Amino acid sequence: MGLLSKLKKIFNWKREVQIDEKDYLGIDTDNLYNNIDSAYHLCKKFTTAGNEKERVIHEYENITKTYTGIQQIEKMNSKSLNEFENLAYSYIGTIEDKQQYRNRLSVTSDELEYLGEYKEDISQVIQDIRVVEEKQRNVKSDINYIEGEKGELLYRQEKLIKTQSVIKVLMIILLSIFAISTLALTIIYTNNNIDIFIPSVIMIVIIGFFGLWIYIFRRYVVHEIKKNILLRQRAVELLNKIKLKYVHNEQFLTYEYKKYKVKSSEILEYKWDQYKQNINDRHSIHKISTNILAIENDIERLLKNNNILIPNMFFENIAKYVDKRSRDIYRKEVDENRITIKNQIDEYENEITLIRKILLDIKENDTTESKEITKIVNSLDKI
């Protein structure tokens with residue numbers, strides 16, 4: 001018997017199953033009645049199509065409920081409709097306020113939670129750190145100043161030592177001039193018997209003047225060298241004391257910075273202000289959430305008083321109900337979707353009908369030895 005003739009006899013169905021329909025379903029038409037894989041594939045498609053149909057029907061019921069709800073809201077009396085719109089606007093504004101607090105919390109909340117673990121007064125901690133930071137800045141300034149003074153003293157010492165060397169050379173030169181002058185005057189007096197009293201006095205006065213000046217200047221240089229050494233020793237002692245303060249302050253600041261995960265008192269103060277703001281924001285969110293529930297209850301009460309069933313996802317889409325223009329746009333959108341979903345239901349129904357007819361056909365004409373195809377078809381819940 002031909003394939004088409006067999007299919008025409010399936011339970012006297014009015015609609016014939018065509019070859020191209022089987023091709024559409026991915027059936028091996030050459031081995032239709034003994035191909036277990038094709039039967040299994042068809043059963044799987046039958047189950048899937050049934051599940052999808054149920055899902056789409058549920059979706060159709062929800063969207064129909066939404067469409068009906070929009071129409072019912074439009075039919076409310078003017079007083080109730082005006083009250084509804086005011087509540088809807090209030091609800092949207094309150095939701096936006098809550099979202100703003102949530103957004104602000106999402107940025108800083110997690111990274112600041114650790115501050116709540118400390119029981120001490122963070123404001124006092126900030127003040128203590130700020131005082132030590134100011135001391136540390138002063139200590140650094142003092143260290144830089146003393147280091148500069150120390151360098152200047154060292155530079156001055158080098159100049160004094162060079163000056164001292166120059167004085168020694170001048171003293172040698174002066175003594176040499178004195179010796180040469182004395183020798184010259186002695187030779188002149190011996191050989192020529194000339195009076196050398198006045199030249200000797202002049203020479204002695206000049207040599208004495210320069211000798212005295214060199215002596216005084218040398219004493220001054222020696223005094224300055226000793227003074228320089230004392231000042232540098234004092235600078236080193238003072239620098240060591242200040243560095244001890246620096247180390248103590250640095251240890252305190254390092255510990256506090258690590259403890260509170262900051263790099264300065266300004267950052268800790270900023271984080272603490274943010275943490276307190278987060279606490280206030282949480283309280284505000286809690287209060288706003290209470291207000292939102294109250295508005296939702298008022299809207300639900302108003303709709304129930306007007307015998308209106310609350311549509312699915314109503315509060316999530318409440319912005320589409322706030323005024324007539326929004327409701328008209330939303331109603332058209334919902335109606336278009338409703339028609340589309342209804343067409344999907346019809347398509348799934350046609351596919352299920354087609355698969356059912358083919359399954360019943362291959363079950364009736366099962367040519368496998370153990371009737372495996374029949375067992376597979378019978379395992380379906382609905383056929």
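Residues numbered from 1 in each chain as written. Predicted model: local features only at pLDDT ≥ 70, side-chain atom pairs only at ≥ 80, totals over all residues. Heavy atoms only, no water.

A look at the overall build of the protein chain
Then comes step 1: Summing up its helical and strand segments, the protein chain has nine helices and zero strands in all.
Then comes step 2: Put simply, 81% of the contacts in the protein chain that link residues at least 6 apart link residues at least 24 apart.
Then comes step 3: Carbon and sulfur atoms form 55% of the exposed surface of the protein chain, whose accessible area is close to 25100 Å². (Helix = DSSP H or I, 4+ residues; strand = E, 2+ residues; numbered from the N terminus. Contact = heavy atoms within 4.5 Å. Areas by Shrake-Rupley, 256 points an atom, 1.4 Å probe, with all protein chains shown as cover.)

Quick notes on the environment of Val132
Then comes step 1: By the element assignment, Val132 lies in helix H5 (residues 122-192).
Then comes step 2: C-alpha separation for the pair Val132 and Asn249, spaced 117 residues apart in sequence, amounts to 6.4 Å.
Then comes step 3: Setting aside its immediate chain neighbours within four residues, Val132 contacts Asn249, Phe252 and Leu253.

What to know about the confidence of the model for the protein chain
Then comes step 1: This prediction gives the protein chain a mean pLDDT of 84; 89% of its residues lie at or above 70.
Then comes step 2: Between residues 1-19, whose pLDDT stays under 50, and residues either more than four places distant or in other chains, the model counts 32 contacts. (pLDDT = per-residue confidence, 0-100.)

Quick notes on helix H7 (residues 265-305)
Then comes step 1: Over its 41 residues, H7 extends 59 Å from the first C-alpha to the last, a length consistent with the 60 Å expected when each residue adds 1.5 Å.
Then comes step 2: A positive phi of about 55° marks Asn307, the residue just after H7. (Expected span 1.5 Å × (residues − 1).)

What about the side chain of Asn228?
Then comes step 1: Inspection of the secondary structure puts Asn228 in helix H6 (residues 197-260).
Then comes step 2: According to the relative accessible area criterion, Asn228 is buried, its value standing at 2%.
Then comes step 3: Leave out the neighbours within four places in its chain, and Asn228 touches Leu153, Arg156 and Gln157. (Buried < 20%, exposed > 50% of the residue type's maximum accessible area, 1.4 Å probe, protein only.)

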